[in-house]
Amino acid sequence: MAGMITALILIPLFGAFAVCVWPHTNARPIALIFNAITATLVFMLWRNFDATATGLQMVERHVWIPAIGAEYLVGIDGLSLLLVLLTSIIIPFAFLVQRMDRGFCALMLVTQSALYGTFTAQNFVLWFLFYEMSLIPAFLLIKIWGGENRDRAATKFFLYTFLGSVAMLLSFLGIYFAKGTFDFAQLAGLGKQGLLSGNVAWLAFAGIFLGLAVKVPLFPFHTWLPDAYETAPVGVSMVLTGVLSKMGVYGFVRLLLPLFPNEIKILAPWLLGLAVCSIVFASLAAWAQSDLKRMVAYLSINHLGYCMLGLFVITATTVRPAVEMQAALSGVFMQIFNHGITAAALFYYVGLLEQRRGLRGINDFGGLMQRTPLLCGWMSVAMFSSLGLPGLNGFIGEFLIFKGSFAIAASFTAVAVIGLLVTAIVFARAMQALFSGPLTESCSAFPDLGRTEKVVVVPVTLLMLAIGLAPQFVFNIINTTVIQMTRLLS
Amino acid sequence: MSWIVTSLWLIPAAPLAASLIILSLANSRRSAAAALAIIGQIAALTLSILAFLPTLQAPGYRSVHNFTWFTFGEQALRIGWVLDSLAAAMLVMIALVGLCIFVFSAGYMADDKNLTRFFAYLSFFSGAMLGVVIANSLLLLFVFWELVGLASYLLIGFWIHKPSAAAAAKKAFITTRIGDLGFFVGILWLYGGSGTLLFYDGGKGCLETAGLLGLGASATFVALLIFCGAVGKSGQFPLHIWLPDAMEGPTPVSALVHAATMVAAGVFLVARVYPLFSFGAIDGVTPSLVVVVSIGTITALMASLIALGQFDIKRILAYSTVSQLGLMMVSLGVGGVAAGMMHLIAHGFFKALLFLGAGSVIHGCHHEQDIRKMGGLRSLMPISFLTYAIGMMTLSGVPFFFSGGWTKEEILHATAHWHASHIPHYLMLAGVVLTALYMTRQMIYIFFGNRRAASENVHESPPIMTLPLIVLAICSIAFSVVLTPAWRWLHSYLTGEPAHFDIALLVQPMLFVSLALVAVGIGLGFVMYGKAGQLATGRVRPTGGQNRHRTAEMDPLERAQPALFHFLENKMWLDEIYDRTVVAWSRMAAHVSDWMDRHFWDGLVRGFAGLGQLFGIFSANFDERWINVRVDETMTGTRRLGRVMSAWHSGQIQTYLGMLAVGMLALLILYAWLA
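Residues numbered from 1 in each chain as written. Chains lettered and ligands numbered in written order. Predicted model: local features only at pLDDT ≥ 70, side-chain atom pairs only at ≥ 80, totals over all residues.

Caption draft 1: Highlighting the overall build of chain A. Counting its secondary structure elements, chain A contains 19 helices and two strands. On C-alpha atoms alone, chain A measures out to a radius of gyration of 21 Å, which is about the 23 Å that the 2.2 N^0.38 rule sets for 490 residues. Across its three principal axes, chain A shows a C-alpha extent of roughly 65 × 55 × 45 Å. Partitioning the intrachain contacts of chain A with sequence separation of at least 6 by distance along the chain shows that 80% fall at a separation of at least 24. (Helix = DSSP H or I, 4+ residues; strand = E, 2+ residues; numbered from the N terminus. Rg over C-alpha atoms; globule rule 2.2 N^0.38 Å. Contact = placed C-beta atoms within 7 Å.)

Right, dumping it as structure tokens:
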């Protein structure tokens, strides 16, 4: 099984090359074929993954740049596998959203490769390489194929994230000079005694924190997101919210929590405050939006806020029962996966509406239930999943996050619950505006879901239901990693 | 353990499965949809009766089936179902009442073009509610609880082309969710405190002694937080505002919401987790129970007063539901759990009867709902009239023949023996009078007096609609058999004591008090509204309109106490108050957040970017104006210096020799001076 992960990273790159070489009319089918190959590979990866074994699996280790101790080191644990799975689910659907030309497909495939790399690299240099590699295609995709204000939004997205990356790189150089290693596992082992001391530690922490907080994004480093998501083509928005935003959360889990537990503990009230602000203010702002895409974008911030809340409580206080830590961490992992699916689905539906109407303001529609009951019905499922209705996937993660964080930081959690209410208001308002009332004239010729659209909608919805009702198959992937990480952090 | 306990999940699963199958049917398969829904409900009823049988074997029967839902980290999250008298009684009531409503719907909704969707939602509603009842875990209960909320949202907004229906659905969803937030936090607290969410788990459950002791003093807070959920679902003050608006849904939905499902869930929830409320009680009084009683009392009185000022046949019933739910909460709060549940079950029958009766009347009157436009329907719709009268008397609590009379009396008993205060008791007595009064008023307007606008061409409803009415009317009366003080079978069944038969206990002093109060209410009703039934014309001023000078068409109460009447007619202006306060404030918060985001936080980012740009401009200028200029100057200076130097290198030997001489001279002088 050696080489599977490398193959996984390389295949989308070959795909990108193939897309460029072949006649341009075939771009999308070729991309989908390559996605089918990676999907098979990921499925095999999943089957071969030993859910009971601790530590990394399917490790590939090669000498790369010995002078700075940078190895080519890839491997997966539960969290990595979960994110690799998520990537393989979201990207094909993003391809199915709309017609796209050759360059678009090629860039998407490069992003995909970078994502696989980011989620499997176990060495900072390699990780950072992939991390940055995902940024540039995303920038180009927004800048070239985006909607209104694309130049501005793309530049903002790029500069803001890049600034964060630079800060993170500097911090890591500092850590390297102090400790002489880039290996995640070794660094994590050193974290508990305090990786660095004094002001240097705070500087290093600040750099990494900034880089990841921008990427997630965490309030108040989030203002690039609504612009970028609003402007990006739907497929790109799906990938941005579904997978790219998870790179930040992944970074928090892999880097910040294990390396700087003491710093986080000292700053805990502030960090928790930021997470709660993410949850509450983003959901409130979503309520005030009239553009559907912007609304979903704000809800993305809100949902990632739950992840942040769950992560910060893990290291928040001195008294942290293992049960609650495991609950919070499991919840965060579930939420990563669920939000990826649900938010991408929501963007997909907004894309369908926009394709039909040419506009995507909340008031540009009305009475759709009379004309397109299937579209409305399936879309409602995604909305209910996003507002955390029990029985659908969103609830499982949110419940566990809240369970863990309430036991550790009750007051912050009690405030964060407001986010659940406001999300419900946001969707109730959207459903009222879109689906109910008399059918507006401009929507009276809408076609209902077509065949390609059903190909996307049905499996995604079934997945939401499956996770909502019997989530054990996802927990099987992450449980061992959760236990291992809580041990590491307690 | 009986097989039925392990397969108890089949009871909610039957209607839920029916719902899924119906959803996948084509819109044109109307009769198939109705048949499937009814079959699903019959299956649920049969299984419920099968589940009911083992609970009769021994008093206090309780059997659970727990299993692991999923494992996170090293923790298993366990859920399960429980079969005890509380669950079994509710199951039978919900399944039976639900079945009547389903059959009625097949007739009432026959012309609706989305009939299949309607039955899918209806089955889903019933299934979710049955799930609430069998849950042995607060989490599982919450799951079904939210599904009940979803179903009610879908059904209230069923006529989705009507903006008012969509608004009412949204209001119901959000208002109940406000309560659910508290409930959710309560679940988290309970889970953290007792380590389990299972109610009964062989002594380790959260409602059993060990779990309660683990919670300790926080049980009060947990109970109050859970009560928030009940307040939302069961339409208690101050979250009752969604319930009257929920009348926007089709009438069978109202019947289902108000009788068997949804609102019953809140009362059931309190009864289910009652050990949390009564934990550490002194003389049956705990802080959380006092809150329950207070909220219940306020709700009961407020709603029965508002009912007096309404003209919409369904809204009057809606407020009567709110008030009856308040009464049940009072009963639970003062310790009369069995009494409250008995009233809930009885209420399930007679309120379904009343709503379906109202549906029949509305159907007959060509979808007119204003009681002032009806009148004289007694002879035109005799079956509807008779069954409605039975429902009305049961609701009013007429003793002896009607189940509601016995259960209400039981509640009054319980309130009389409450140690904390007697105020709720007297207020509930007043509530009895008010209930009889507003129901009499409604009866007079609809069935008595002369015929008005909507009474033209009225005919009795078809048998598919009257049959459920008759069944429910019979249930409302026959149910009394197990409620009388002489043979308090249901009471004993619910509390787990053996029942005795003693005819001497049949006549209690409270019975005469009840009788007197109801008589006062009905009598007062006839005195006040007897003439109102004789409204001359069908022309009625619009509700809350200006045309107030036509005294003949005014409500008698309006004529006597206009200010009071308008206060009640406008539902105490609570909707308006909420709109101007909570709703407006939250909306403002949303806009402030958006503004902050666009201008403040993004402004900061843009400010930083601007600073960077400024620095860039500064650097460029510094480069241009200072460094570059200095470099240029240096160059010019060098060139100038070179020019001067080159001037000296003239190549003339005389100048060189002259300079040499001057230098020698200077050196000599220096040497002489130093020496």
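Additional details are given in the paragraphs that follow.
Caption draft 2: Expanded view of the overall build of chain B. A count of helical and extended segments in chain B gives 26 helices and two strands. Taken over the C-alpha trace, chain B has a radius of gyration of 39 Å; the compact-globule value for 675 residues is 26 Å, which it surpasses by more than 25%. The burial tally for chain B puts 54% of its 675 residues in the buried class. Taking contacts inside chain B between residues at least 6 apart in sequence as the whole, the part at least 24 apart equals 78%. (Buried ≥ 20, exposed ≤ 12 C-beta atoms within 10 Å, placed from the backbone.)

Caption draft 3: Local environment of the confidence of the model for chain A. Taken residue by residue, chain A gives an average pLDDT of 88. The fraction at 70 or more is 99%. Ranking the elements of chain A by mean pLDDT puts helix α7 (residues 184-191) of chain A last with 79 and helix α12 (residues 292-314) of chain A first with 92. (pLDDT = per-residue confidence, 0-100.)

Caption draft 4: Seen up close, unusual backbone geometry. In this structure, Pro 217 of chain A follows Val 216 of chain A across a cis peptide bond, with omega equal to -5°. Relative to the helices and strands, Pro 217 of chain A resides in the loop between α8 (198-215) and α9 (224-231). For the bond from Phe 237 of chain B to Pro 238 of chain B, the omega torsion is 5°, close enough to zero to count as cis. Here Pro 238 of chain B lies in the loop between α9 (219-233) and α10 (242-245). Positive phi, close to 55°, is recorded for Asn 149 of chain A, a residue that is not glycine.

Caption draft 5: Representation of the confidence of the model for chain B in the model. Residues and elements named next belong to chain B. Residues with a pLDDT of 70 or more make up 96% of chain B, whose mean pLDDT is 85. Here residues 536-541 scores under 50 on pLDDT; set against residues more than four positions off or in separate chains, the count is 11 contacts. With a pTM of 0.89, the predicted complex shows an ipTM of 0.92.

Caption draft 6: Inspection of the packing of helix α5 (residues 115-134) of chain B against helix α6 (residues 138-156) of chain B at higher detail. Residue and element names in this part refer to chain B. Packing of α5 against α6 leaves a shortest axis separation of 8 Å and a crossing angle of 155°. Viewed along their axes, α5 and α6 adopt a mutual orientation that is roughly antiparallel. Handedness of the α5/α6 crossing: left-handed. Taking contact as the criterion, the partners of Tyr 121, Phe 124, Phe 125, Ala 128, Met 129, Gly 131 and Val 132 in α5 are, on α6, Leu 141, Phe 144, Trp 145, Leu 147, Val 148, Ala 151, Ser 152, Leu 154 and Leu 155. Considered class by class, the residues forming the contact of α5 with α6 number 14 nonpolar, two polar and no charged. (Axes fitted to C-alpha atoms, helices over the stretch in contact; angles between N-to-C directions. Parallel < 35°, antiparallel > 145°, perpendicular 65-115°, else oblique. Left-handed = near helix turned anticlockwise from the far one by under 90°. Nonpolar A, V, L, I, M, F, W, Y, C, P; charged D, E, K, R; others polar.)

Caption draft 7: Expanded view of the interface of chain A and chain B. Between chain A and chain B, the residue contacts involve 43 residues of the former and 38 residues of the latter. Put simply, the parts of the chain that give the side of chain A that touches chain B at least two residues each are α11 (261-287), α13 (322-357), α14 (368-371), α16 (393-408), α17 (410-435) and α19 (472-489) of chain A. The biggest single contributor to the side of chain A that touches chain B is α17 of chain A, with nine residues. Class assignment of the residues belonging to the side of chain A that touches chain B gives a composition of 29 nonpolar, 13 polar and one charged.

Caption draft 8: Region of interest: the pairing of strand β2 (residues 75-84) of chain B. Counted residue by residue, β2 of chain B has seven buried out of 10 residues, so it is predominantly covered. Once strand β1 (residues 62-72) of chain B ends, the chain turns through two residues before running back antiparallel as β2 of chain B, passing Gly 73 of chain B with a positive phi of about 55°. (Pairing = 2+ DSSP bridges.)

Caption draft 9: Highlighting helix α12 (residues 263-272) of chain B. With respect to burial, α12 of chain B is a largely interior element, 10 of its 10 residues being buried. Buried residues of α12 of chain B: Val 263, Ala 264, Ala 265, Gly 266, Val 267, Phe 268, Leu 269, Val 270, Ala 271 and Arg 272 of chain B, and no others.

Caption draft 10: Expanded view of the packing of helix α15 (residues 373-386) of chain A against α17 of chain A. Residues and elements named next belong to chain A. Taken N-terminus to C-terminus, the directions of α15 and α17 make an angle of 170°; their axes are 10 Å apart at the nearest point. Judged by the inter-axis angle, α15 sits roughly antiparallel to α17. When you trace α15 past α17, the crossing you get is right-handed. Contacts between α15 and α17 involve Cys 376, Ser 380, Met 383 and Ser 386 on the former and, on the latter, Thr 423, Phe 427, Ala 430, Met 431 and Phe 435. Its residues placed into classes, the contact of α15 with α17 shows six nonpolar, three polar and no charged.

Caption draft 11: Seen up close, the environment of Gly 404 of chain A. Residues and elements named next belong to chain A. Locating Gly 404 in the fold gives a position in helix α16. For Gly 404, a count of 31 C-beta atoms within 10 Å corresponds to the buried category. On a C-alpha basis, the gap between Gly 404 and Pro 321 in space is 9.2 Å, while along the polypeptide they are 83 residues apart. Every residue in contact with Gly 404, bar those within four places of it in the chain, is listed here: Gly 310, Val 313, Glu 324, Met 325, Ala 327, Ala 328 and Gly 331.

Caption draft 12: Representation of the environment of Ile 11 of chain A in the model. All names here are of chain A. Secondary-structure assignment places Ile 11 in helix α1 (residues 4-21). What makes Ile 11 partly exposed here is the crowd of 19 C-beta atoms within 10 Å. Taking the C-alpha atoms as reference points, Ile 11 and Leu 41, separated by 30 residues in sequence, lie 9.9 Å from one another. Excluding residues that lie within four positions of it along the chain, Ile 11 makes contacts with Phe 34, Ile 37 and Thr 38.

Caption draft 13: A look at helix α3 (residues 78-96) of chain A. Compared with an ideal rise of 1.5 Å per residue, which puts 19 residues at 27 Å, α3 of chain A spans 28 Å between its outermost C-alpha atoms and is within 8% of the ideal. Counted residue by residue, α3 of chain A has 17 buried out of 19 residues, so it is predominantly covered. (Expected span 1.5 Å × (residues − 1).)

Caption draft 14: Just the environment of Val 63 of chain A, in detail. Note that Val 63 of chain A resides in strand β1 (residues 57-65). Taking the C-alpha atoms as reference points, Val 63 of chain A and Leu 73 of chain A, 10 residues apart in sequence, are found 8.6 Å from one another.

Caption draft 15: Region of interest: the pairing of β1 of chain B. Here 10 bridges tie β1 of chain B to β2 of chain B, and the two strands are oriented antiparallel to one another. From the neighbouring strand, His 65 of chain B faces β2 of chain B, where its bridge partner is Trp 81 of chain B.

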